[in-house]
Amino acid sequence: MEPKLFSPITFNQVTLKNRIVMSPMCMYSCYEQDGIVTPFHITHYESRAVGQVGLVMLEATAVQPNGRISYEDLGIWSDGHIAGLKSVTERIHAHGAKSAIQLAHAGRKAELDDPIVAPSALQLNERFQTPHAMTKDHIAETIRSFQLAAERAQKANFDIIEIHGAHGYLINQFLSPLTNKRDDEYGGSRDNRYRFLKEIVDAIQEVWDGPIFVRLSTSEYHEEGNQLEDIIYFANQLHDQGIDLIDCSSGGVVRVKINPYPGYQVTFAEAIKQQAGTKTGAVGLITNGMQAEEIIQNNRADLVFIGRELLKNPYWPKQAADELQTNITSPKQYQAGWR
Ligand code: FNR
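Predicted, not measured: the structure shown is a model, and the values here were computed from it.

This brings us to the pairing of strand S4 (residues 55–62). Most of S4 sits inside the fold, with 8 of its 8 residues counted as buried. The pairing of strand S3 (residues 20–22) with S4 spans 2 bridges and is parallel. The residue bridging Met22 from the neighbouring strand is Val56, located in S4. Relative to strand S5 (residues 74–75), S4 is paired through 2 bridges, and the arrangement is parallel. Residue Ala62 lies in a different strand from S5, and its bridge partner there is Gly75.

So this is what it looks like as structure tokens:
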């Protein structure tokens, strides 16, 4: 039987040739604080497409300048970012991979000198500034920034958009009762905490008809934070809104020590897939082909997101195929006697 890891899957008319996703990973490699793609980004993402990753997802890319984690982050807050991003998607597509971009805003986790914002004026720790609590105008402006970013992503020929709703960044700060202490309609009840993400999804869908993924922190590792049942509730809402996949990560809302082990987040992807009926992505210490195949074959998730292994080895899909005793295409230039 052919490994399912190398079977195609379609999201809203976009077909990935296999189930392997390059997980979004910040490279902090822009020059001069401009958020513009550099030659490093092109080489970095193109080489994973050469390595036969099905979906190459770009790192957290800031929708507003004060939503960056650092001054070296990639940006998509102006039309001046489109050309560079387009050159990355061109190189990804040249090797038969699809391209995605993770749209992000760091909120209180922005390590910048400029003023920073969050749902409530709560500092993460001494290393960070105390953020300004967002006004309603600011919330509306930020939602509009996600929408404009989606329009630019379309112009740059991305196939899929992922909304970064995890790791304690701005959207997660709204979702979590640990960081959202607002007393207006954006805080308090679960529906109120979900409102910011809901409106971002609506705003993106007005301008973008391709697949949308959302990355969530499916555990906050804190008894007063969102619990799995809350996350399943959010996942159901996202499903109703027509989201194509929930990418199931965890942590980052408050500082807690976790001890990751192989596949430590896979059970979250499995629970959400079963209980919210959405497709899911599994991520976190998925390191070999057998392990990835088990996840897909047992229907615990639809995609595997690979992070650090793909940094170590851009040809990880080939390594996984060898482990699963199957052949995958390599670029024609690497095939014996192609010329
Ligand atoms: C990350 N991760 C991450 N996640 C995310 O949603 N957006 C991002 O921009 C980043 N940036 C980032 C940079 C670097 C250098 C690393 C190592 C990680 C988390 C990443 O996508 C993934 O979820 C974790 O690394 C766990 O998967 P692996 O590495 O165990 O396969």
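Moving on, there is more to tell.
If you check the backbone angles, Glu32 has positive phi at about 50 degrees while not being a glycine. Looking at the element boundaries, Glu32 is found in the loop between S3 and helix H1 (39–50). Here Leu285, not a glycine, exhibits a phi torsion of approximately 50 degrees, which is positive. Mapping Leu285 onto the fold places it in the loop between strand S12 (279–283) and helix H8 (289–297).

According to UniProt, the positions carrying the feature "domain: NADH:flavin oxidoreductase/NADH oxidase N-terminal" (unreviewed entry) are residues 4–327. What you have in residues 4–327 is 35% helix and 17% strand, and the ends, taken at the C-alpha atoms, are 13 Å apart.

This paragraph deals with the nonpolar core. Counting residues in each nonpolar core, the largest one holds 93 residues, and the members touching the most others are Ile161, Ala282 and Val304. Considering every element that reaches this core, the biggest residue donor is helix H5 (residues 190–207), with 7 residues. If we skip the residues at most four places from it in the chain, Val304 touches Arg19, Ile20, Val21, Ala282, Ile286, Ala292, Ile295 and Ile296.

For the rest of this paragraph, the subject is the site of the ligand. Close contacts around the ligand come from 20 residues, with Ser23, Met25, Ala60, Gly307 and Arg308 the closest. Breaking the shell around the ligand down by element, the ones donating at least two residues are S4 and helix H9 (308–312). The residue makeup of the shell around the ligand, split by class, is 9 nonpolar, 7 polar and 4 charged.

This part covers the environment of Ile116. Summarising the element assignment, Ile116 is placed in the loop between strand S6 (98–104) and strand S7 (117–118). If near-sequence neighbours (up to four positions away) are discounted, Ile116 is found in contact with Asn66, Arg108, Ala110, Gln129 and Pro131.

Take the environment of Leu103 next. Looking at the secondary structure, you find Leu103 in strand S6. When the C-alpha positions of Leu103 and Glu162 are compared, they lie 6.2 Å apart, and in sequence the two are 59 residues distant. Not counting residues up to four positions away in its chain, the partners in contact with Leu103 are Thr61, Val63, Ile76, Phe146, Ala149, Ile161, Ile163 and His164.

Bringing the packing of helix H6 (residues 228–240) against helix H7 (residues 266–276) into the picture now. Between H6 and H7, the least distance of the axes is 9 Å, while the angle of their chain directions is 50 degrees. When the axis of H6 is compared with that of H7, the two are oblique. The hand of the H6/H7 crossing is right-handed. Here Leu228, Ile231, Ile232, Ala235, Asn236 and His239 of H6 lie close against H7, whose contacting residues are Phe268, Ala271, Ile272, Gln275 and Ala276. Here the contact of H6 with H7 is composed, by residue class, of 8 nonpolar, 3 polar and no charged.

Those residues of H7 lying buried are Val266, Phe268, Ala269, Ile272, Lys273 and Ala276. Buried residues of H7 fall within an arc of 160 degrees about the axis and therefore sit on the same side. Where the residues of H7 are buried, they touch H6, strand S11 (245–249), S12 and H8. Phi turns positive one or two residues past the end of H7, at Gly277, with a value near 70 degrees.

Cut-off values and rules
Throughout this document, residue positions are counted from 1 along each chain, in the order its sequence is written. Reporting of local features is limited, given that this is a predicted model, to residues whose pLDDT is at least 70; pairs of side-chain atoms are given and counted only at 80 or more, and all residues count toward the totals for whole chains, interfaces and linings. Between the buried cut of 20 or more and the exposed cut of 12 or fewer other C-beta atoms within 10 Å of a residue's own C-beta lies the partly exposed class, and all C-beta atoms are placed from the backbone. Each helix is a run of DSSP H or I of at least 4 residues and each strand a run of E of at least 2, with the numbering of both proceeding from the N terminus. Strand pairing requires that DSSP identify at least two bridges connecting the strands. UniProt positions are given in the numbering used here, feature names are shortened, and annotations may be inferred rather than shown by experiment. Any nonpolar core is a set of buried residues, restricted to Ala, Val, Leu, Ile, Met, Phe, Trp, Tyr and Cys, that join up through C-beta atoms within 7 Å. By definition, residue pairs are in contact when their C-beta atoms, positioned from the backbone, come within 7 Å. Using a C-beta atom placed from the backbone, a residue is described as near a molecule or strand when that atom lies within 6 Å of it. In this count, Pro and Cys sit with the nonpolar residues alongside Ala, Val, Leu, Ile, Met, Phe, Trp and Tyr, while Asp, Glu, Lys and Arg are called charged and the others, Gly among them, polar. In this analysis, axes come from line fits to C-alpha atoms, helices being fitted only over the stretch in contact, and the angle between any two N-to-C directions falls in the range 0 to 180 degrees. Put simply, angles under 35 degrees are roughly parallel, angles over 145 are roughly antiparallel, angles from 65 to 115 are roughly perpendicular, and the rest are oblique. Handedness of a crossing follows from how the near helix is turned relative to the far one, being left-handed for an anticlockwise turn of less than a right angle and right-handed for a clockwise one. Directions pointing from the helix axis toward each C-beta atom define the arc.

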